[in-house]
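Report on the structure
This is what each chain is made of:
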Amino acid sequence: MTPERPERPDGTPASPAGVPRHVACVMDGNGRWAARRSLPRTSGHRAAESTVIDVIEAARTAGVEWLSLYAFSTENWRRPSGEIDFLMGLVRRVVRKHAPLLHARGIRCRFLGVTDPRIPAPLARDFADLMTLTGANRGLTLTVAFDHGGRGDIVEAARSLIRSGVPADAVDERRFAAHLPFPDTPDVDLVIRTSGEQRISNFMLWQVAYAEWIFPQVLWPDFRAPHFLECLGAYRQRDRRFGAVAPYTNGEPHP
């Protein structure tokens, strides 16, 4: 008899051994990719566009249901103003260019964050338009974390609970999670952070609590579908117990 899949802490069954339900990517290494080629950092950001589209298609084809991409953090506002301006323009061009393809693929698009008034109004409108356009799609859900910070999300959830008048003794993990942005988002199963760096970087802190992490050395602009599939293969080798004991040890039921 096949043992039942363990339940995630968020109450949903763990994904089948073959495919993680929710994959998140920290898209790291654009600047180093450019520096190694004696190019400006903006060239690395521009080169990352192909990777984003490749990974989205690879995830969709592999059967991943949710894909989250860390595009711009709340800490990234500390970067030089020229680089920030370039990123805002680049992201707007990418969104407008690929919106028809994403919609045709049945992908539902969301943007996590987007609260800072420094975000150009035209870009914020493009984000809202893409969410409206794809809102009824039932394929892969693509969440782009833009102007996102995990700690900020947790603080806002706490404020929302207080405003709702929920008694302190009535607060549990599930009720708290219901006040996070996009509360229907399942916990992350797998986080891929490219470039070899091994940090969380304030990314979806609540949702990655029980995620598996993989740190490929390849820089994000060089990351492609085969690399993504290699990460899925490594995920399949992980034994996910969520703090419980494996039901079988060496082929025998655990006492």
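Structure shown above.
Below is a short write-up of the structure. No experiment lies behind these values; they were computed from the predicted model shown.

For the structure shown, the criterion picks out eight aromatic pairs. Ring centres of Tyr70 and Phe203 lie 4.4 Å apart, and the angle between their planes is 15°; on these two criteria the pair is classed as stacked. Note that Tyr70 is positioned in strand β2 (residues 66-73) and Phe203 in the loop between β5 (190-193) and β6 (212-214), a separation of 133 residues in sequence. Neither Tyr70 nor Phe203 differs from the other in exposure class; each is buried. In textbook terms, an aromatic cluster arises when at least three aromatic residues are bridged by ring pairs, as seen for Phe72, Trp77, Phe111, Phe127 and Phe146.

Turning our attention to the packing of helix α2 (residues 41-62) against helix α7 (residues 225-236). At a minimum axis distance of 9 Å, the contact between α2 and α7 shows a crossing angle of 45°. The angle between α2 and α7 falls in the class oblique. The two elements α2 and α7 meet at a crossing, and its hand is right-handed. Here Asp54, Val55, Ala58, Ala59 and Ala62 of α2 lie close against α7, whose contacting residues are Ala225, Phe228, Leu229 and Leu232. For the contact of α2 with α7, the per-class residue count stands at eight nonpolar, no polar and one charged.

Strand order in the open sheet formed by six strands is β3-β4-β2-β1-β5-β6, with parallel pairing between adjacent strands. Each having just a single partner strand, β3 (108-113) and β6 make up the two edges of the open sheet. Strand after strand, the sheet turns through a mean of 20° between neighbouring axes, direction not considered. As paired elements, β5 and β6 share three bridges and run parallel to each other. Residue pairing in the sheet places Val191 in a bridge with Trp213 of β6. Sheet contacts for α7: β1 (22-26), β5 and β6; angle to β5, the most-contacted strand, approximately 135°.

Moving on, we get to helix α3 (residues 81-104). Its 24 residues place the ends of α3 35 Å apart at the C-alpha level, agreeing with the 34 Å of an ideal helix rising 1.5 Å per residue. Along α3, the largest kink reaches about 50° and is centred on His98; proline Pro100 follows within four residues of it. All of the buried residues along α3 are Glu83, Ile84, Leu87, Met88, Leu90, Val91, Val94, Val95, His98, Ala99 and Leu102. A positive phi of about 75° marks Gly106, the residue just after α3.

Moving on, we come to the pattern of salt bridges. Under the defined criterion, the tally for this structure stands at 19 salt bridges. One salt bridge connects Lys97 with Glu49, and the closest N-O pair in it is separated by 3.1 Å. Of this pair, Lys97 sits in helix α3 while Glu49 sits in helix α2, placing them 48 residues apart in sequence. For Glu49, a relative accessible area of 12% puts it in the buried group. Note that Arg159 is salt-bridged to Glu156, the shortest N-O span being 2.6 Å. One end of the pair, Arg159, and the other, Glu156, are both in helix α5 (residues 150-164), three residues apart, so they sit about a helical turn from each other.

For the structure shown, the criterion picks out zero disulfides. The structure places no disulfide on Cys25, whose sulfur is separated from the nearest cysteine sulfur, that of Cys231, by 7.8 Å. Given a relative accessible area of 5%, Cys231 falls into the buried group.

Mapped onto the elements of the fold, Leu142 is located in strand β4 (residues 141-148). The exposure class of Leu142 is buried, given its relative accessible area of 4%. For the pair formed by Leu142 and Trp66, sequence separation is 76 residues and the distance between their alpha carbons is 6.1 Å. In this structure, Leu142 is in contact with Ile56, Leu67, Leu69, Leu102, Ile107, Arg108, Cys109 and Arg110, ignoring residues within four places of it in sequence.

A few words now on the layout of surface pockets. By volume, the largest pocket amounts to about 880 Å³. Along the wall of the largest pocket there are 42 residues; nearest its centre are Met27, Asn30, Tyr70, Ala71 and Phe72. Contributing elements (two or more residues each) for the lining of the largest pocket: α1 (30-36), α2, β2, α3, β3, α4 (121-134) and β4. No other element matches the eight residues that α3 contributes to the lining of the largest pocket.

Rules used throughout
Residues numbered from 1 in each chain as written. Predicted model: local features only at pLDDT ≥ 70, side-chain atom pairs only at ≥ 80, totals over all residues. Heavy atoms only, no water. Phe/Tyr/Trp six-rings, centres within 6.5 Å; stacked < 30°, edge-to-face > 60°. Helix = DSSP H or I, 4+ residues; strand = E, 2+ residues; numbered from the N terminus. Buried < 20%, exposed > 50% of the residue type's maximum accessible area, 1.4 Å probe, protein only. Axes fitted to C-alpha atoms, helices over the stretch in contact; angles between N-to-C directions. Parallel < 35°, antiparallel > 145°, perpendicular 65-115°, else oblique. Left-handed = near helix turned anticlockwise from the far one by under 90°. Contact = heavy atoms within 4.5 Å. Nonpolar A, V, L, I, M, F, W, Y, C, P; charged D, E, K, R; others polar. Pairing = 2+ DSSP bridges. Expected span 1.5 Å × (residues − 1). Bend = angle between axes of the 7 residues up to and from the residue. Salt bridge = Lys/Arg side-chain N within 4 Å of Asp/Glu carboxyl O. Disulfide = S-S within 2.5 Å. 1 Å grid on protein atoms, 1.4 Å probe; cavity = no way out; pocket = protein on both sides within 12 Å on 5 of 7 lines; lining within 4 Å. Points joined across faces, edges and corners; volume = space filled by probe spheres on them.

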